[in-house]
Amino acid sequence: MDPIIILQAGVSTGTVLLFATLGEIFAERAGVLNLGVEGMMLIGAMSAYSIAVYTGNPWLGLLVAMIVAGLFSQIHAFISITLQADQVVSGLSLGFLATGVSLVLGEGLSKAGTIPLIPTYTVPLLSQIPIIGPIFFTDQKVLVYLGYLLVPLCYYFINHTRPGLHLRSVGEYPAAADSLGINVYRLRYLYVFVGGLFAGLAGGTISLAISPGWFSELTTSGQGWIAIGLVIFAQWNPIRAAFGSYIFGALRRLVLDIQGPTMIFGLANPFYYNPYWGFFLQMLPYAFTIIVLVIGSREAIRKRLGSPSALGVPYIRGERGL
Amino acid sequence: MNKLLDRLPFRIELEPRLVQPPRWYPWVLSLLSVVVALLIGAIVLALAGGNPWASYAHIARASFGDIGVFSDTLVKAIPLMLVGLACTLAFRMKLWNIGAEGQFFIGAFGASAVVLLPVLPEDAPRWLFIITMIVFGMAAGAIWGFIPGFLKARFQVNEIISTLMLNYIAISWNNYFIFAIWSDGGFQMSKVFPRNAWMPRLTDYVDTIPMFRGLTTHFGLILALVAAVVVWLILYRSQWGYEIRLVGDNPRAAQYAGISITRNTVLVMMLSGALAGLAGMSEISGVVHRLQGAISPGYGFTGIIVAWLAKLNPIAVVPVSILFGALILAGREIQPSGIPKLLQGIILVSLIASDFLMRYRIRVHRKDLLKEAK
């Protein structure tokens, strides 16, 4: 129950949420809500693990996971962008499909032997900084550092580059973007694909780094859905997404660790003496997601911030839009 | 690609439909999309190394082969009907209640509380037991539906996420009681309910009608059929139903017409939760006869597909549920075990894609090749 260890593990588990959240931010910024994140993560976790088992190369596993999840995301893109179906139902159906495929193809995977995992790394100088060093830069998976890099990159890309401006315009006012010669359909396909890549990366991060293995549906255990909630909390901003993800990661870890010691703060630990209270602890991340949504929505209303205006609305060229 | 299309002697064009397609059209379209889905599923099964036709034949035989297995199919279909109705009602107002699974578990909890708390003494008459369990199950489900409904109405909290999170919370909640409070001698299940808390099954009447020997179809079927009619009456023959449909189709118009969206959001979520809770009650009292962890092979999620395949028509939910009940029943024996889920996923994807043909028609024009050559 060392707070440093919990925070360190929180950053580590939070990285999964971070990747999934960043991907969903891209898709939603382009105006496409993709509720299939959980399924895409699952198929990413499954393909990463099985490729690593067969080739012995975890990096190849991650790459394949990203591509497979990216390709699956294009099912949702086709149905919701070209066929103009309701994005909610389409995303759900993608989730069902991806889950089914991963369960069928992942059958028997859990019995596979030990596999090479993504290595850990301690950053030389930075790890010496008190508190911050041990939490962020000591013995973390290489992917965690990738997360640190991606957050500012994504933020800069979305807010300060020309392609980022195009991305936002497609999600806010597709008709205007179209009239300026931006190909709305192509960009939406592209960013749904990017969302898929990230979700696949998140899945691979679970099965090859954070909690290695394939445990069918329990591999992701609802983290894809938490990520969708975090996007709202993050107000579609990658930096807020990083905060949310790491806090959530720490919370998930705290729930596991709090049952260990006999004493907390010099008092008898009630969770140690009543192990069944663990079920209430298990509820916490999910309850916390709801609370975060309440806070996020209130703030959004107060600041008149909102989702991208065209989120969830299919763009039909030549029809009066928003 | 475009060059290839140019060579064809005809042109394929998409036109928006300006008039409503005939009444039979949506049903034929749904049927076709299920057939297409089964074909795609067959290809996937073959690629995964299975024999698709053997699997399908097995599913058909193991679920409709004789009256005994058909009765088992119905048993699986009962919770699907109720959960499908729950989704139908909410989806009609474009409220995405993905939490039927959680409401199902909490409904089962509420019904079990009648026996285990206990609310009624062990020797209470059967009719009293069943009515009380229905009331408790539905009330518990309604509370579980009220939470996301209220959060949506008051704080604009996205109901997809909140209902989903409540699923996980409901399962943990039930587990706490199964493991800690109502555990039967350390096992992860409660004691078996007294016979008075069991809903009557066909096989209970074997003395009067010998044909019913071994048939497990229970009273929940009647509850589900009544619920289907009631939901149909509410949606299509009541003012409240008119309000629900109007909000679903055009919330702005509904607001101008003076319909309270917040009030309807809460009420519809509560009724939707109550229906899913009733499904949990019926499973507990009709099939499992005790509270335990594994009471649902994902009924709540299959209910979403059922509602969609039934085109949000409460009456059509009944036959569609029977088909999916068959898939769940027979699917238990097929390896690998993910196949029913995979098939459900493919069916849903193909259904949603086919909706496109409701709004557009495909026209094939003959090209006048001579004319174009000039």
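What counts, and where the lines are drawn
- Residues numbered from 1 in each chain as written.
- Chains lettered and ligands numbered in written order.
- Predicted model: local features only at pLDDT ≥ 70, side-chain atom pairs only at ≥ 80, totals over all residues.
- Heavy atoms only, no water.
- Helix = DSSP H or I, 4+ residues; strand = E, 2+ residues; numbered from the N terminus.
- Rg over C-alpha atoms; globule rule 2.2 N^0.38 Å.
- Buried < 20%, exposed > 50% of the residue type's maximum accessible area, 1.4 Å probe, protein only.
- Contact = heavy atoms within 4.5 Å.
- Areas by Shrake-Rupley, 256 points an atom, 1.4 Å probe, with all protein chains shown as cover.
- Buried area = accessible area lost by both parts, 1.4 Å probe.
- Salt bridge = Lys/Arg side-chain N within 4 Å of Asp/Glu carboxyl O.
- Polar contact = N/O pair within 3.5 Å; in protein donor to acceptor, adjacent residues only side chain to side chain.
- Nonpolar A, V, L, I, M, F, W, Y, C, P; charged D, E, K, R; others polar.
- Domains from an automatic or database assignment.
- Phe/Tyr/Trp six-rings, centres within 6.5 Å; stacked < 30°, edge-to-face > 60°.
- Lys NZ or Arg CZ within 6 Å of the ring centre and 35° of its normal.
- Expected span 1.5 Å × (residues − 1).
- Bend = angle between axes of the 7 residues up to and from the residue.
- Axes fitted to C-alpha atoms, helices over the stretch in contact; angles between N-to-C directions.
- Parallel < 35°, antiparallel > 145°, perpendicular 65-115°, else oblique.
- Left-handed = near helix turned anticlockwise from the far one by under 90°.

(A) Representation of the overall build of chain A within the structure. A tally of helices and strands in chain A yields 13 helices and four strands. By the compact-globule yardstick of 20 Å for 322 residues, chain A fits well, its C-alpha radius of gyration being 20 Å. Considering only C-alpha atoms, chain A reaches an extent of 65 × 50 × 45 Å along its principal axes. Going through the 322 residues of chain A one by one, you find that 56% of them count as buried. Contacts in chain A between residues far apart in sequence, at least 24 positions, make up 75% of those at least 6 positions apart. When the accessible surface of chain A is summed, it comes to about 13,500 Å², and 68% of that surface belongs to carbon and sulfur atoms.

(B) Local environment of the interface of chain A and chain B. Contact with chain A, which involves 47 residues of that partner, is made by 43 residues of chain B. A combined buried area of about 3,900 Å² lies between chain A and chain B, and 81% of that area is made up of carbon and sulfur atoms. The interface formed by chain A and chain B holds one salt bridge in total. One salt bridge connects A:Glu217 with B:Lys341, and the closest N-O pair in it is separated by 3.2 Å. Viewed at the interface, chain B and chain A are joined by five residue pairs in polar contact (both at pLDDT 80 or more). When residues of the side of chain A that touches chain B are traced back to their parent elements, those giving at least two are helix H3 (58-82), helix H4 (87-105), helix H10 (223-233) and helix H13 (278-302) of chain A. Grouping the constituent residues of the side of chain A that touches chain B by class yields 30 nonpolar, twelve polar and five charged.

(C) Spotlight on the domain arrangement of chain B. All names here are of chain B. Structurally, chain B comprises domain 1 (7-43 + 334-374) and domain 2 (68-311). Look at where the C-alpha atoms of domain 1 and domain 2 centre, and you get two points 34 Å apart. The interface is formed by nine residues belonging to domain 1 together with six residues belonging to domain 2. When domain 1 packs against domain 2, close to 810 Å² is buried across both sides, 69% of that on carbon and sulfur atoms. For the pair domain 1 and domain 2, the number of links is one salt bridge. Among the salt bridges present, the one from Lys-311 reaches Asp-355, with a minimum N-O distance of 3.5 Å. Every element with two or more residues in the side of domain 1 that touches domain 2 is listed here: helix H2 (25-47) and helix H14 (339-354). Looking at the side of domain 1 that touches domain 2 residue by residue, the class counts come to six nonpolar, two polar and one charged.

(D) The pattern of salt bridges, seen in detail. Residues and elements named next belong to chain B. One pass over the full model with this rule turns up nine salt bridges over all chains. We note a salt bridge from Asp-204 to Arg-201, for which the minimum N-O separation is 3.8 Å. By relative accessible area, Asp-204 is classed as partly exposed at 29%. Judged by its relative accessible area of 18%, Arg-201 is buried. Connected through shared salt-bridge partners, Arg-126, Arg-201 and Asp-204 make up one network.

(E) Seen up close, the packing of aromatic side chains. According to the stated counting rule, one finds 36 aromatic pairs over all chains in the structure shown. Aromatic pair A:Phe136 and A:Tyr246: ring centres 6.5 Å apart, planes at 75 degrees, arrangement edge-to-face. In this pair, A:Phe136 is assigned in helix H5 (residues 132-136) and A:Tyr246 in helix H11 (residues 238-257), connecting sequence segments 110 residues apart. Among the aromatic side chains, those forming a connected cluster through ring pairs are A:Tyr121, A:Phe136, A:Phe137, A:Tyr145, A:Tyr148 and A:Tyr246. Above the face of the B:Tyr25 ring, B:Arg17 is positioned so that its terminal group lies 4.5 Å from the ring centre. One Lys or Arg, B:Arg195, reaches over the ring of B:Trp198 and ends 4.3 Å from the middle of that ring.

(F) Quick peek at H13(A). For H13(A), built from 25 residues, the straight-helix expectation of 36 Å at 1.5 Å per residue is met to within 8% by its first-to-last C-alpha distance of 36 Å. Along H13(A), the sharpest kink reaches roughly 35 degrees, centred on A:Leu284 and followed within four residues by the proline A:Pro285.

(G) Local environment of the environment of B:Gly145. Residues and elements named next belong to chain B. Looking at the secondary structure, you find Gly-145 in helix H6 (residues 126-155). Along the chain, Gly-145 and Gly-273 lie 128 residues apart, while their C-alpha atoms are 4.5 Å from each other. Discounting chain neighbours no more than four positions away, the residues touching Gly-145 are Gln-103, Met-269, Met-270 and Gly-273.

(H) Region of the structure containing the side chain of B:His218. Assignment of secondary structure puts B:His218 in the loop between helix H7 (159-181) and helix H8 (220-237). Ignoring anything within four residues of it in the chain, the contact list for B:His218 reads B:Val75, B:Ile78, B:Met199, B:Pro200, B:Arg201, B:Ser282, B:Gly286 and B:Val287.

(I) Spatial organisation of the packing of helix H2 (residues 37-55) of chain A against helix H9 (residues 184-210) of chain A. Residues and elements named next belong to chain A. Following both chains from N to C, one finds H2 and H9 inclined at 55 degrees, their axes separated by 7 Å at the closest point. The angle between H2 and H9 places the two elements in the oblique class. Our pair here, H2 against H9, has a crossing hand that is right-handed. Together, Val-37, Met-40, Met-41, Gly-44, Ala-45, Ala-48, Tyr-49 and Ala-52 of H2 and Gly-195, Gly-196, Ala-199, Gly-200, Ala-202, Gly-203, Gly-204, Ile-206, Ser-207 and Leu-208 of H9 make up the contact between the two elements. Each residue belonging to the contact of H2 with H9 can be placed in one class, and the counts come to eleven nonpolar, seven polar and no charged.

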